[in-house]
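Coordinate inspection notes
Each chain is listed here by its residues.
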Amino acid sequence: PSLSLSLRLRESICRQEKEEKEEKEKEEKMALKETLKRLDGHSSVDKEFRVHTAHGAILSMITVVAIGYLVYTEFRFNFATEILEKVHVNATTPTGLELEFDVTLTSVPCAILSIDANDPTGQRQSLHLDKVHHVWKHRLDANGNFIGKKSKLELGSSLLDESALLEKIQNETNIADDDEEENITLEDIKLREEVCGSCYGAGEEGECCNSCDDVKRVYIRKGWTLNSIDSIEQCLNQVAAKDEDGEGCNVHGKVALSTGGGNLHLAPNRGLESYGNGESMSIVDVFLRTFESFNVSHTLKGVRFGPEFPGHLNQLDGEVRTLEDSYGMYQYYIQIVPTTYKYLDGRTITTNQYSVTEHMRHVSPGSGRGLPGVFFFYEVSALHVVIEEYRRGWVAFFTSVAAIVGGVVTVMGILDQALYARAGKSAGLMR
């Protein structure tokens, strides 16, 4: 019996200690809760003390609509793609400059048109033609429709001044020659296309010359002189300028230019295919004919220096320039600004923007101011533009939402209190 009594007493003591511990924990929780209540800045009001009014209901509906509209506009604002532009001095040297162009000269036959590039000192610079970089010309009729197939344009043979024109006429034509030559017409020639035409020893291994211009280009590259084109099979099918009377020419392509500046120009070429084919002409006649046949009225379908990016604007795209006479040298002065465009996903485009001014220079025959042509003078700016896409994101959005909700609720609460006080005052006066 004494053992049983001792066990019951021990259980009673343990149970009492447990109850006291639980009571103490409960009191601590109540004390903490009461402490937190004293910090409550949003005390609630029992429903029995609330006063419901018609104007309060209207303000509540306005509050919901205003919050919904403002949150929607903030969502669009914070998650729209924005553009940030930065300009700084370019600390690196540009590695290369690509020009892609499409120019149509409505009054110049393709046979007397050539393209060339010079550096700032006037020395000829290479256009680095390869599988990516090439220049094409395409004949146009009087209505602007393409004639036949496009062909590669002869490069590095343009005439820039009158002295070069006179020298070329005297050295490489038979003007005022009394010898009769057989007139070869297109109908007399059987046109044919070869899979790979011969370059007559001037081309690289495996290189094909399928046109007269191809043969001229490889000869110029080698530094060789092409004394007569009559022995070149590809040149037998070439249309002379006299057979292209009234036609125009579209020139388009992509070339690589020097980043040191310079110019690219379309001007009369050195071949003078339109002369010396049995025609009895004086040097003065040829001189004047060069001016008269080279009206530089033109349309620029596109001129750009590098890949396009969102929002990119090329100032010369779609521009049309019309001259009343042929004695004009049209000059574009282009300032190129290297540009880097960064997308949100981390992709980067390295390209160029440009600004342009233009000038039409009148060059009368014998003035010594040069020959007609279209010139693109360019210079690379020392500045560099970085265009970066960005979004404000969730943090800015939630911050704005908190401000919207708090501001609208507070303003509507103040307005509700004012209306309620005014209504109460009116009711008191009525009594």
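Calculation criteria
- Residues numbered from 1 in each chain as written.
- Predicted model: local features only at pLDDT ≥ 70, side-chain atom pairs only at ≥ 80, totals over all residues.
- Heavy atoms only, no water.
- Disulfide = S-S within 2.5 Å.
- Helix = DSSP H or I, 4+ residues; strand = E, 2+ residues; numbered from the N terminus.
- Buried < 20%, exposed > 50% of the residue type's maximum accessible area, 1.4 Å probe, protein only.
- Pairing = 2+ DSSP bridges.
- Salt bridge = Lys/Arg side-chain N within 4 Å of Asp/Glu carboxyl O.
- Core = buried A, V, L, I, M, F, W, Y, C linked by side-chain atoms within 4.5 Å.
- Contact = heavy atoms within 4.5 Å.
- Phe/Tyr/Trp six-rings, centres within 6.5 Å; stacked < 30°, edge-to-face > 60°.
- Lys NZ or Arg CZ within 6 Å of the ring centre and 35° of its normal.
- Patch = residues over 30% accessible without salt bridge, like charges linked within 9 Å, V, L, I, M, F, W, Y side chains within 5 Å.
- Areas by Shrake-Rupley, 256 points an atom, 1.4 Å probe, with all protein chains shown as cover.

1. Details of the state of the cysteines
Considering all chains together, one arrives at two disulfides under this definition. Disulfide pairing places C110 opposite C249 at an S-S distance of 2.1 Å. When the S-S torsion is 100°, as for the bridge of C110 with C249, the disulfide is right-handed. Of the two residues, C110 is situated in the loop between β2 (97-105) and β3 (113-118) and C249 in strand β6 (residues 248-257); the sequence distance between them amounts to 139 residues. For the pair formed by C110 and C249, the shared burial category is buried.

2. Concerning the pairing of strand β7 (residues 262-268)
Taking burial as the measure, the seven residues of β7 include seven buried ones, the bulk of the element. Relative to β7, β3 is paired through six bridges, and the arrangement is antiparallel. Bridge pairing in β7 places N118 opposite N263. In the sheet, β7 pairs with strand β12 (residues 373-380) via five bridges, with the strands oriented antiparallel.

3. Side note on the pattern of salt bridges
For the structure shown, the criterion picks out seven salt bridges. For E100, the salt bridge goes to R304, with nearest N and O atoms at 2.8 Å. Here E100 is found in strand β2, whereas its partner R304 is found in strand β8 (residues 298-304), with 204 residues between them in sequence. Under the relative-accessibility criterion, R304 is labelled partly exposed at 23%.

4. Notes on the nonpolar core
Of all hydrophobic cores here, the largest spans 35 residues; its most connected members are F101, V303, L316, Y332, I334 and F376. Breaking this core down by element, the ones donating at least two residues are β2, β3, β6, β7, β8, β10 (328-342), β11 (348-362) and β12. With five residues, the top contributor of residues to this core is β2. Other than its neighbours up to four places away in sequence, V303 contacts L99, E100, F101, N314, L316, D317, Y354 and F376.

5. Some words on the packing of aromatic side chains
Counting across every chain of the model gives 15 aromatic pairs. With 5.2 Å between their ring centres and 15° between their planes, Y333 and F377 make a pair best called stacked. With Y333 in strand β10 and F377 in strand β12, this residue pair connects regions lying 44 residues apart in the sequence. Taking the relative accessible area as the measure of exposure, F377 reaches 25% and is therefore partly exposed. Linked through ring pairs, F75, F79, W394, F397 and F398 together constitute an aromatic cluster. Its guanidinium or amino end placed over the ring of Y343, R347 lies 4.1 Å from that ring's centre, counting from NZ or CZ.

6. Topic: the pairing of β11
As paired elements, β10 and β11 share 15 bridges and run antiparallel to each other. Its bridge partner lying in β11, Y341 is registered against I349. Linkage of β10 to β11, two consecutive antiparallel strands, is achieved through a turn of five residues, within which G346 is found at a positive phi near 100°.

7. Describing a nonpolar patch on the surface
Judged by side-chain polarity, L32, L36 and L39 come together as a nonpolar surface patch covering roughly 350 Å² of accessible area. Looking at the element boundaries, L36 is found in helix α1 (residues 2-38). Residue L36 is classed as exposed on the basis of its relative accessible area, which comes to 52%.

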